[in-house]
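For reference, the chains in residue letters:
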Amino acid sequence: MSQLHFYRFYLQFKHLRKVFRHRFTLAPSANFPVSLYGEGTNLKPQNTPQGLTSTSSECTTKSSDLQCDPIIQRYGGKKQGLTSYTLTLEEQKKNDYPIEGSPGCKGYISTECDQQRTDSSPLFGLDCEMCLTAKGNEVTRVSLVDAQGRCLLNELVKPESTVFNYRTRFSGITRKMLLPVKTRLSDIQTRLKKMLPHDAVLVGHSLNSDLQALEMIHPSVIDTSLLFARSEGRRFKLKFLAKAVLGKEIQCEKKLGHDPTEDARAALELAQFFIEQGPTKVAELNLEMLLTAEKLAEVSQNKAVLQPQGCVFQEQLNEPPPLSKPCFLDCLLVTGQKPLLLGKQGLDSSGLCQSNLSTSNKQILQRALEDVPLSKFSIIQFSLGPEYLASHLHAGLHEKVRSKLTDMLTIYAGPFEENFCMKSVKKEFGRCGPIQSLTVVTETFQPYVCIQYEVLEAAQLAVESLNGAEVAGSCIKVQRPVTAAMLDCNVLIKELELDVENEGVIYVAGLKKSLTETDLQEEFSQLKDLETLFLPKDLQSGKHRNCCFLKFQKTQSAVDALEAINGWTMKGSELRSRNALAPGHLWKWIWQMNHSNGKQGKHIFYEKMEQLSDSEQDLRKKVKKLDQHIKKLYRSLQNNTLCVVLFPGVNSTHGSQPGLGLMGIKDDEGRSTC
C-alpha cells in the first residue's frame, strides 16, 4: 500500500486518521521487506547468520547513492583546500567554541593568531586530558603535534582547584603523577601562544572541549568530529575513525587511559586524509556501514551474552559472506533484541525472528493479540493480497485521487454580467487564498468563472464566505463541481477538520505578500497560546503565499482566535480564516499533483455516474476491515508503547508512489502522542 491508498480511502481509515498525530512521507521502495529483513531472506538456510565481518572495499558505496551521503551534502564532491573545512564563526558558536567577546569567555586568553589563513597554512594537532575539579573540567595533560606528526608539546598540568575525579580510566592521569608537577595552565597558555604561527590551523576531535579547558580562543579550527559528517547531528568516535579511515588502532584497552599525543596525531592525519582525498573518496568508504559491521562483529564475539534466546549462529565461518547493506533486523540485533514477526509470507528464515506464518489478516490479528504483549518488539504485516497489486488498478486509484482533489480545489462562481470586471473577481476570490488558475466558462447563458485554488482551505472559504455575495456587480452562487465522486465532499471536509493533525490549527487568508514571517509573528503575538506559524511558499519561486497556518497549544484557543481574526484588518487588508483542512504533509502532495505533467481535470456540472469497479468495491471493504484490525490491536497495547504504521509505497517499472508513515505513543486514553 502507498500514501495514495490512505487518501483514496481516507474515510475508511477512520481509526488511523483519528489516532496517530504524526505523519511522514516514505520514499517508495522496490522491495520494502528487504529493507526490514535483509537481502535474499527466503534463500538463506535456517542456521546461516548474517555476514558479521567486512573489509572496507566490500562496504564502499555505489556512486548512485553518494548524493545522499551527509558528507557530500555538506561539502559537495570536489576536492578543496583546507580553508573550506575550517569552521565558520557561526559554526563555532553553534558547537560551543570559545569566541572573543562571548559572556562565557571572560578571562580567556587569545592565541593572537589571525584569520588570514590560506590553503597553505600549517596544521597542528591538539588534544588534552581533563579531570573533574571544583571548577569543572581542568586540563591535566596537553599535547601538540605539527603537520609531520612530530610531538611539539606533551606536558602534565597541575589543576588550580581541588580534584574530585582524575578520570584515570580515560585520561591515564593519577594523583601520584601530578604530585611533583609545577606547570600551571597559565604556563601552557604562554607556551602555546609562542609556538603557534599567526596563520596556524588547529585540528582536533571535538576540539571545543579542549579549547574550553585551556581557556583559550583560536580563530582557525578543523573539528574532525564535524568534518566526517553524519546525519541528525551524530558523530563518529575518534577511535572508530582512526581504524576505519587510517587503519590504526588507538585508545587500546590494554593501555591505561588515552594517549593525548596519539589522539592529536590521529585527528591531524584524519584531517589531512580528508583534504588530500576529497569528500567523494571519504563518502565511498561508507563509514555508517563499517560502523554497523563493527557492532555486528562485537555481537558475534559476545554472542553468549547478547544472543537472543533461540537465535542460532554458525560457530565458525571459513569465508564469511560479504556484508550487504545493513537491514533493520541487523541493527536491532546489535541491541540484543529478537523481535516477533507475524505475517503471511516467510520473509525471514535466518533465525533472527520468532516468525509465525498465517493465512489471513484475521489469523494474523488473533496471533498478534496473543503474542505481542509477550514481545518487546513486534512487526505485524497485513496484506491486501496479490490481486490488488495490478498496475492498472493502481493507476486507476491515482487518477481518481488526483481528479477528486482537483475537484475539491475547484469552485464555480456566477452568473456574472456579460462585460463583468475579471480583475474585481480575481481580487475578491484571491482574498480566500492562492489561486492556481482562473478561467471564464462560456458554455452557459451567462458567464461563470472557474477558479482552481492551491489549498483546500481557500476553496472551502470561498464557498462559505462568497456564496450569495455581490461580486463585480452580480449576486453570485459559489459551488464545487457536481460529479459522482463529489457527492460525499461535505462529509470529507467535515472529517478533514476533525483529523487529529488539524487539532488547534487554523487557516488565515488575505495577507499582503509584502508581509514577512517576522511581521506576522508580531501581528499575531496577542493571540493566546499561539505555538507555531507556518507561511507556505511556492516550491518553484520560493515566494510566500497570501495565507498562513496558525497552530495553538489548546483547541479552545484556536476557536477563540478564529472568532477574533475574521474581519481583522492587517496593513489595510481584511483577513479571512477557518479551521485547517490539509496539514503541511498533504499540502505539499497537492502542490506536486497540481504541478505534475498529468492532464488537468475538466469540470462539468453533470456527468454520467460511474459505478465503482468490482475490484475497487472489494478493496474498499478490505481497507475498512484492515482499519478495524489495527484498531483492535492498538487498543490491546500497553500504555507508552511506540507504534508505527507503514504504507511502504510502490516503486516499479509501471510507476512509483511515495509511502506513508504514521507514528505515535499510546496514552491512557487510547490515543497517540508525539
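No experiment lies behind these values; they were computed from the predicted model shown.

Colleague: Describe in detail the confidence of the model for the protein, supporting the description with residues and values.
Modeller: In regions of low pLDDT, the predicted coordinates are not meant to be interpreted in detail. This prediction gives the protein a mean pLDDT of 81; 77% of its residues lie at or above 70. When the criterion is pLDDT under 50, residues 303-323 qualifies, and its contacts beyond four places in sequence or with other chains add up to 36 contacts. Within the model, pLDDT remains below 50 along residues 597-612, and this stretch shows 32 contacts once partners closer than five positions in the same chain are excluded.

Colleague: An account of the sheet that holds strand S20 (residues 530-534) is requested, with residue identities and associated values reported.
Modeller: Spatially, the 4 strands line up as an open sheet ordered S20-S21-S19-S24, and their pairing is antiparallel. Each of the sheet's edge strands pairs with one partner strand only, and the pair in question is S20 and strand S24 (576-579). The mean angle between the axes of side-by-side strands here comes to 25°, regardless of whether they run parallel or antiparallel. Two strands pair when backbone bridges link them, and S20 and strand S21 (residues 547-552) are joined in this way by 4 bridges, in the antiparallel orientation. Note on S21: the bridge partner recorded for Leu 533 is Leu 550. Across the face of the sheet, helix H20 (residues 456-466) comes into contact with strand S19 (505-509), S21 and S24 while running at roughly 110° to S24. In the packing of helix H23 (residues 555-565) onto the sheet, the strands contacted are S19, S21 and S24, and the crossing angle to S19 comes to about 15°.

Colleague: Residues and numbers for the nonpolar core, please.
Modeller: In this structure, Phe 6, Leu 16, Phe 20, Met 408, Phe 647 and Leu 662 are the most contacted members of the largest nonpolar core, which totals 42 residues. Ranked by residues supplied to this core, first place goes to helix H25 (residues 614-636) with 6 residues. Grouped together as the second largest cluster of nonpolar side chains are 33 residues, Leu 123, Val 145, Phe 228 and Ala 244 included.

Colleague: For the sheet that holds strand S15 (residues 448-453), give the residues involved together with the corresponding values.
Modeller: Pairing within the open sheet is antiparallel, and its 4 strands lie in the order S14-S15-S13-S18. Across the chains shown, the open sheet's two edge strands, defined by having one partner strand only, are strand S14 (435-441) and strand S18 (477-479). Ignoring which end each strand starts from, the neighbouring axes of this sheet average 20° apart. This element, helix H19 (residues 422-430), spans strand S13 (410-414), S14, S15 and S18 of the sheet and lies at about 140° to S14.

Rules of the game
Residues numbered from 1 in each chain as written. Predicted model: local features only at pLDDT ≥ 70, side-chain atom pairs only at ≥ 80, totals over all residues. Heavy atoms only, no water. pLDDT = per-residue confidence, 0-100. Contact = heavy atoms within 4.5 Å. Pairing = 2+ DSSP bridges. Helix = DSSP H or I, 4+ residues; strand = E, 2+ residues; numbered from the N terminus. Axes fitted to C-alpha atoms, helices over the stretch in contact; angles between N-to-C directions. Core = buried A, V, L, I, M, F, W, Y, C linked by side-chain atoms within 4.5 Å. Buried < 20%, exposed > 50% of the residue type's maximum accessible area, 1.4 Å probe, protein only.

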